[in-house]
Amino acid sequence: MPTVNVERDRCKGCGLCISACPTHVLAMSDEINAKGYFYPYMEHPEECTGCRFCFLVCPDTAIEVENKGKKTEIPEALTEKPFHYCPGCTHGVIHRLVAEAIDGLGIREKTVGVAPVGCSVLAYDYFNVDMHEASHGRAMAVATGVKRGRPELIVFTYQGDGDLASIGMAETIHAANRGEKITVIFVNNAIYGMTGGQMAPTTMPGQVATTCPLGRDTSLAGFPIRIVEILRELTTPAYLTRVAVHTPKAINAARIAIKKAFKYQTEGTCFSLVEVLSTCPTGWGLQPTESGDWLEQNMVPYYPIGDVKTPEKGVLWPTAQGQQSETAR
Amino acid sequence: MAKKLMKGCEAIGEAAVKAGCRLFFGYPITPQNEIPEYMSARLPQVGGTFVQAESEVAASNMLYGAAGAGCRVMTSSSSPGISLMMEAVSYMAGSELPVVLVNIMRGGPGLGGILPSQSDYFQATKGGGHGDYRCLVLAPSTVQEAADLMGLAFDRADHYRNPVFVLGDGLIGQMMEPVEFKTEIRPEDLPAKPWATTGCKGRQPNIINSLYLAAEQLEEHNWHLQRKYAEIEKNEKRWETYNTEGGCDVLVVAYGTVARIARTAIDEMKGGPVKVGLFRPITLWPYPSEALWETAEKTGKVLTCELSCGQMVEDVRYAIMGRKPVTFYGRTGGVVMAPDEVIAQVNQLAGASV
Amino acid sequence: MHNEIILAGFGGQGVLLIGKLLAYAGMKAGREVTWMPAYGPEMRGGTCNCTVVLSDHQIGAPVTKNPHGLIALNLPSLDKFEDAVRPGGVVVVNTALINRLPQRTDLVVVPVACNEVAKEAGTAKAANMVALGAFLGASQIVDVDLVKGALEETFAARPKLVPINMVALSRGYEIGTALVPAPAAR
C-alpha cells in the first residue's frame, strides 16, 4: 500500500495536499508542529492510490510518497534549508521544478543561478548550485555578465513580476533581444509579495492591492502586462511559454516546459523564458486552497497557458485568442 | 615594444587588453566613446567579448555578473553614466568583486556639458552609491600613466577583491601621447578565483551576495570591509612631487590634467622670485595625506587647483589640519585653466605673504 | 626646444590628421609630444583645431593660449588665433580660402594657396599636406623626412593615397623653405 510521509516540522499547514488528493486520503491533524502549524496525516490510508499529487503540490518539500518500493525524492539541486515563503505560496513548487530540471539534465555542477530582489531574494539559500545575487530588476544583466564571461556555464534567472516586468523591463527586453543564452524563470503572481502586497505591473484589473485599495483602475494604471506576448514581437528569443502551478496537471506541464528551457540552453539555443502563473495567498488575502481557483478564474483567461514561441516552430499564435476581448473592453 | 602614438581612450582600452581583460560592457557617452569603440574592434581579435548594453545601469550589472564569475572585466563611461552605474558599484563593493571602472569626467551637475572636468571627485572618493564602502581611485595625468594605471587597477582590484576607479577627464581621454605597453598578461595566467561562480564541481556552491538581513551579521561584514580598506590605506597611497626639494614658497596641489597645467606654470616661474612646487596625488582614495603634509610642512602656503568648484581641497585641508593656509582656485563647466591663471594665483598668494 | 603649434580649419580639411603627422614625427625624433584636439559640438560643421606640443622635456599643459606657430586653413581660424601667436611665430595662411594676411608685423607669415597647389599636385583634398609642408619648410621644427615616414605609416592601409599626399607635402615644403630660407636665424 502506498504511504504518504509528512515531514511534520517542514509543513506550514497550507492544506494544498489535502485539496489536491483525488481520493480524500489526507486530513488536517488537530496537533501543531514545531512551527505552530497544523499538519496533514493519512486519515484514510487505505484509499491512497500513490498518485503523488500531494507531493507535487506541496510547496515546502514536506511530503514524500512511497509506493511499491519507490520514493519521491527531493532534487539534489535543492539544499535542505526550509523555504521562508508564506504557507501555500507556490514559489516552493517552482523551486522544486527548476531543481528537478537541473538534476534531470545533469548540469548542477555547471549551473549558476541569479536571484534578484523580491520574495525569491533568498533563493541562493535554496538552490544547491553557485548563486549570484542581483539588484532589483537587473538579474538578466547580471546573467548576461556571467554567461558572456563563462559561456560554458548554464545560467538561469529566477525573477518575480515586479523585478522582471517593472523595474527590470529594459533588461528583460534587451536580454531577450540580444538572444542571451540564458534561461529565465518568470514567476507571475500578480502582486508585490515581499514588500507587502502592492500593485504589480501584472495585477489584474479590479484586483485589490495595498497601493490600489479600490482595485486596479485601468484608466490610471493601464492593463496588466503580458510579458511573453510582448517578447513574442521580438525576432530573436527562442522559447517563450506560459505555464501555471495551481493544479497537479498544471505542475506536470510546467515541469516539462522548465526542463525544455534549460535543455535548449545546453544545446546552445538562445534565450528561453518560462512565465509561471503562481499564487500569493498572503498578498491576495485568500486561503491557499482558494488561491488556485482564483488563479484559474482570473489569471488564466487573461494570461493564456501554452507555448508562444518555440525554436522548432517559431511564433505559435500571432493573433492570440485573448487579444480581441481585451481591445473591445 | 616601441612607443605608439595613441589617444588616451585607446591607450586605456589597449592597456586593459594587455592586462588580460577580455570583457567589456558599456554604453555610449561623450567624451569617452573611443574606449568602447576601440574595445568593440579589439576584443574579438583576442577572443574577448564586447557588449553594448541597453543602459549604464545594465552595463554595470553585467560587470557585476562577470566579475562574480571570476572574469577580468571593465567598463568606461563619463559622469552622468557613472551616476547610473553607482547601483552596481555599491553591490560590487558589498559583495567584494574586482572590477575596473573608467570615468572620463565631463562637467556637471545634471546633463552638464561634454568638456573636461574634475567634478566627480566626491562621487569617486566619498562613495557615490549607498552604504559604507570605498573604491581605490587612480588619477592619471598622462596617456602613458593612464595605460600603466590600468594594469595596476586590474591587479589591485583582484588583490583586494574591490572595485577600482580610474578617474580621468576629457583631456586625458582625447589627447594623444606616445605610449609604451611594458607588460602583457594572458588571461589564462591570472591567479584562480576560488570564490567565483564557476560551477560547483567538486566543492560547495559559491554565493556572490551582499545581503545580510541580521543586523549583527551586516555589521560584522562592514567591519570586515573596513579592515580591508584600512589595509588599502596602508599600502596603496601614491603621489608625485615636482620642484619641492628644499621646500617652496607656494605648493600647488593638483591631480590629473590640472597637475600638468600647474607643471607648466611652475616651469615658467623657475628662476623667478617665487619658488613653486607641485604635489600630485595619484591615488585620490586612499589620499596621500601624510606625504602631502610632509611636503607642505616645508612650504609657505598651499594652493589647490581643480577643474571643479572645490572638491579635493577638502582632503587637502584635512591633511594640512589648519597648520598652513590652504587656498583654492578652480575653473569648472568645461573651462580648462591656463598656466597663466595658476601663475597669477601663485603670485597673488606669494605677494600677500611678503 | 619647446614648440606649441595650433592647426586649425573647418571640419573635413584634415587639420587633425596633419597634427597627428606632426606629433608622430616629433615622437620619431625622440621628443616628447602631445596632440590635443578641440572636441565637442564645435567639431560639427564649425571650426576644428588641434594643439601639438613638441618638447625636449616632459610636457605639462597639452593646450596653449600662446602658440609658437599656427596653420590656418580658413578665415575663422586666422581670426580666432592670429592674436594669440607668440611674436616671431610662423603662421601659414591658406590664401586659397583666406582673403587677408595677418595684420601683425611681428610674425613670420607664410602665405600659400594650399588648395591650388594641392590641385596641381593631383588633388585639392591634399591642401592640408601642402600647409603642413609649408610650415615645416618655414619652421624646420622637425625633419620633413620623419613626417614623410609618418605619412607612409598612417596611410599603410590605403597605400594608393601615399604618393599624391607625398607630392603635396613636398611642394608645400619647397614653398616654405623658399619663403623663409633661414629659420635658424630666429
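For the structure itself, consult the block above.
The structure contained in this document is the topic of the report that follows. (Residues numbered from 1 in each chain as written. Chains lettered and ligands numbered in written order. Predicted model: local features only at pLDDT ≥ 70, side-chain atom pairs only at ≥ 80, totals over all residues.)

1. Observations regarding the overall build of chain B
Counting its secondary structure elements, chain B contains twelve helices and 15 strands. For 354 residues, the compact-globule estimate of 2.2 N^0.38 gives 20 Å, and the C-alpha radius of gyration of chain B, at 21 Å, lies within 12% of that figure. Its C-alpha atoms give chain B principal-axis dimensions of roughly 75 × 50 × 40 Å. (Helix = DSSP H or I, 4+ residues; strand = E, 2+ residues; numbered from the N terminus. Rg over C-alpha atoms; globule rule 2.2 N^0.38 Å.)

2. A closer look at the overall build of chain A
Looking only at helices and strands, chain A has 13 helices and 13 strands in total. Relative to the globule expectation of 20 Å for 329 residues, the C-alpha radius of gyration of chain A, 19 Å, shows essentially globular dimensions. Dimensions of chain A, computed from C-alpha atoms along their principal axes, come out at roughly 55 × 50 × 35 Å. Counting every position in chain A, which comprises 329 residues, the buried fraction comes to 53%. (Buried ≥ 20, exposed ≤ 12 C-beta atoms within 10 Å, placed from the backbone.)

3. Let's talk about the environment of Y287 of chain B
Residues and elements named next belong to chain B. Looking at the element boundaries, Y287 is found in the loop between β13 (283-285) and α10 (289-296). Separated by 49 residues in sequence, Y287 and R238 place their C-alpha atoms 8.1 Å apart. With sequence-adjacent residues up to four places away left out, Y287 is seen in contact with P281, D315 and A319. (Contact = placed C-beta atoms within 7 Å.)

4. Looking at the interface of chain C and chain B
Taken residue by residue, the interface counts 16 residues in chain C and 21 residues in chain B. Every element with two or more residues in the side of chain C that touches chain B is listed here: α1 (15-28) and β2 (32-37) of chain C. With five residues, the top contributor of residues to the side of chain C that touches chain B is β2 of chain C. Across the side of chain C that touches chain B, the residue classes tally to eleven nonpolar, three polar and two charged. (Nonpolar A, V, L, I, M, F, W, Y, C, P; charged D, E, K, R; others polar.)

5. Section: α10 of chain B
Among the residues of α10 of chain B, L292, T295 and A296 of chain B are the ones counted as buried. Burial along α10 of chain B is one-sided: seen end-on, the buried residues are contained in an arc of 95 degrees. (Arc of directions from axis to C-beta.)

6. Section: the packing of helix α5 (residues 139-149) of chain A against helix α7 (residues 169-178) of chain A
All names here are of chain A. The geometry of α5 relative to α7 is characterised by a closest axis approach of 8 Å and an angle of 40 degrees between their N-to-C directions. If you check the angle between α5 and α7, you find them oblique. Residues M140, A141 and T144 of α5 pack against E171, T172 and A175 of α7. A class-by-class count of the residues in the contact of α5 with α7 yields three nonpolar, two polar and one charged. (Axes fitted to C-alpha atoms, helices over the stretch in contact; angles between N-to-C directions. Parallel < 35°, antiparallel > 145°, perpendicular 65-115°, else oblique.)

7. Section: the nonpolar core
In terms of nonpolar packing, the biggest core is built from 286 residues, with C54 of chain A together with A131 of chain C touching the most fellow members. With near-sequence residues (within four places) excluded, A131 of chain C lies in contact with I18, I71, L73, V92, N94, V112, C114 and G172 of chain C. (Core = buried A, V, L, I, M, F, W, Y, C linked by C-beta atoms within 7 Å.)

8. Remarks on the interface of chain B and chain A
With 34 residues of chain B at the interface, the matching set in chain A holds 28 residues. For the side of chain B that touches chain A, the secondary-structure elements that each account for two or more residues are β2 (23-26), β3 (49-52), α3 (56-68), α4 (79-94) and β9 (207-208) of chain B. Per-class residue counts for the side of chain B that touches chain A are 19 nonpolar, twelve polar and three charged. Both strand β7 (residues 130-133) of chain A and β9 of chain B contribute to a ladder of two bridges, which runs parallel. Residue pairing for β9 of chain B: H132 of chain A is matched across the bridge by I208 of chain B. (Pairing = 2+ DSSP bridges.)

9. Quick word on the pairing of β3 of chain B
All names here are of chain B. Pairing between β2 and β3: four bridges, direction parallel. Bridging across to β3, F24 finds its partner in F50. Crossover connection from β2 via helix α2 (residues 34-42) to parallel β3: handedness right-handed. (Right-handed = clockwise from strand over helix to strand, strands pointing away.)

10. So, the sheet that holds strand β1 (residues 3-6) of chain A
One key point about sheets: their strands pair by backbone hydrogen bonds, in either a parallel or an antiparallel sense. Residue and element names in this part refer to chain A. An order of β1-β4-β5 is seen for the three strands of this open sheet, with the pairing classed as antiparallel. Each edge of the open sheet carries a strand with a single partner, namely β1 and β5 (70-71). Of the pairings in the sheet, the one linking strand β4 (residues 63-67) to β5 comprises two bridges and is antiparallel in character. Bridge pairing in β5 places E66 opposite K71.

11. Quick look at the pairing of strand β6 (residues 111-115) of chain A
Each regular strand carries side chains that alternate between the two faces of the sheet. Residues and elements named next belong to chain A. Counting buried residues in β6 gives five out of five residues, a clear majority hidden from the surface. Covered by surrounding structure in β6 are T111, G113 and A115 together with V112 and V114, the residues of both alternating faces. Bridge count between β6 and strand β8 (residues 154-160): four bridges; the pairing is parallel. Bridging across to β8, V114 finds its partner in T157. Sheet topology note: the β6/β7 ladder contains four bridges and is parallel. Within β7, the residue paired with A115 across the bridge is E133.

12. Quick look at unusual backbone geometry
Note the cis peptide between T30 of chain B and P31 of chain B, where omega equals 5 degrees. Looking at the secondary structure, you find P31 of chain B in the loop between β2 and α2. With an omega of 0 degrees, the peptide bond running from W285 of chain B to P286 of chain B counts as cis. Residue position: P286 of chain B is located in the loop between β13 and α10. Its identity is not glycine, yet A190 of chain A carries a phi of approximately 60 degrees, on the positive side. A190 of chain A gets classed as buried once you count the C-beta atoms within 10 Å, which come to 28.

13. Brief notes about the arrangement of the chains
No other pair among the two pairs of chains in contact exceeds the contact count of chains A and B. Contact between chain A and chain C is absent, and the least distance between their C-alpha atoms amounts to 29 Å.

14. Things to note about the sheet that holds strand β11 (residues 248-253) of chain B
Residues and elements named next belong to chain B. Strand order in the open sheet made by the five strands is β10-β12-β11-β14-β15, with mixed pairing throughout. Because the sheet does not close on itself, it has two edges, and the strands there are β10 (239-242) and β15 (326-330). Across the sheet, the axes of successive neighbouring strands diverge by a mean angle of 20 degrees, strand direction being ignored. Judged from the four bridges that link them, β10 and strand β12 (residues 276-281) form a sheet pairing that is antiparallel. Bridge pairing links W239 to P281 in β12.

15. Remarks on the environment of Q140 of chain C
Within the element layout of this structure, Q140 of chain C appears in the loop between α4 (127-139) and α5 (144-154). C-alpha of Q140 of chain C to C-alpha of A182 of chain C: the two residues are 42 residues apart in sequence and 9.4 Å apart in space.

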